[in-house]
Amino acid sequence: LGVLLTEAGERAEAEAAIQAALAVDRHHPEALSGLALVAGDRLAAAEEDAAEEVLASPAVPDRRKAVLGFGLANAADRRGEFDRAAALAAAANRR
């Protein structure tokens, strides 16, 4: 739902839908990625920490980590953290 709302330009509603999904599973890679894309430079430290835990987890398949990595790269870019954004995107490309 969050993706559809984002694509429809309903960013506030998308963020609310994604937050609802994360309330069920705070480590859901695609939901965290969607939140990073919608929130961008407003991504909260708690969500960033959860995302880092997902990226470090051997239980999460690489393809799901790649999606998350690109979302985090976008958020880092929007915060002006260009070196971190490049590193996250490069790591996602290698997955």
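Look a little higher up for the structure.
Residues numbered from 1 in each chain as written. Predicted model: local features only at pLDDT ≥ 70, side-chain atom pairs only at ≥ 80, totals over all residues. Heavy atoms only, no water.

1. Brief notes about the pattern of salt bridges
Counted according to the given criterion, the structure contains eight salt bridges. Residue Glu 48 is joined to Arg 84 by a salt bridge in which the shortest nitrogen-to-oxygen separation is 2.7 Å. One end of the pair, Glu 48, is in helix H4 (residues 45-56); the other, Arg 84, is in helix H6 (residues 82-94), with 36 residues separating them in the sequence. When its relative accessible area of 12% is taken as the criterion, Glu 48 is described as buried. The salt bridge partner of Arg 84 is Glu 52, with a shortest N-O separation of 2.4 Å. Here Arg 84, found in helix H6, pairs with Glu 52, found in helix H4; they are 32 residues apart in sequence, far enough to count as distant. Judged by relative accessible area, which is 28%, Arg 84 ranks as partly exposed. For Glu 52, a relative accessible area of 32% puts it in the partly exposed group. Salt bridges linked by common partners bring Glu 48, Glu 52, Arg 79, Glu 81 and Arg 84 together as one network. (Salt bridge = Lys/Arg side-chain N within 4 Å of Asp/Glu carboxyl O. Helix = DSSP H or I, 4+ residues; strand = E, 2+ residues; numbered from the N terminus. Buried < 20%, exposed > 50% of the residue type's maximum accessible area, 1.4 Å probe, protein only.)

2. Topic: the side chain of Glu 15
Following the sequence through the fold, Glu 15 ends up in helix H2 (residues 11-24). Excluding anything up to four places from it in sequence, Glu 15 contacts Leu 35, Val 38, Ala 39 and Arg 42. (Contact = heavy atoms within 4.5 Å.)

3. Section: the layout of surface pockets
Counted as a void, the largest pocket has a volume near 250 Å³. Around the largest pocket, the lining comprises 16 residues; the ones closest to its centre are Gly 2, Val 3, Ile 18, Glu 30 and Gly 34. Only helix H1 (2-7), H2 and helix H3 (29-39) provide two or more residues apiece to the lining of the largest pocket. Among the elements that line the lining of the largest pocket, the one with the most residues is H3, at six residues. A class-by-class count of the residues in the lining of the largest pocket yields nine nonpolar, five polar and two charged. (1 Å grid on protein atoms, 1.4 Å probe; cavity = no way out; pocket = protein on both sides within 12 Å on 5 of 7 lines; lining within 4 Å. Points joined across faces, edges and corners; volume = space filled by probe spheres on them. Nonpolar A, V, L, I, M, F, W, Y, C, P; charged D, E, K, R; others polar.)

4. Thoughts on the packing of H2 against H3
Between H2 and H3, whose axes approach to 9 Å, the crossing angle comes to 150°. Taken together, the axes of H2 and H3 are roughly antiparallel relative to one another. Note that H2 runs across H3; the crossing there is left-handed. Across from Arg 11, Ala 14, Glu 15, Ile 18, Gln 19, Ala 21 and Leu 22 in H2, the residues of H3 making contact are Ala 31, Leu 32, Gly 34, Leu 35, Leu 37, Val 38 and Ala 39. Tallied by class, residues from the contact of H2 with H3 come to ten nonpolar, two polar and two charged. (Axes fitted to C-alpha atoms, helices over the stretch in contact; angles between N-to-C directions. Parallel < 35°, antiparallel > 145°, perpendicular 65-115°, else oblique. Left-handed = near helix turned anticlockwise from the far one by under 90°.)

That is the geometry; function is a separate question.
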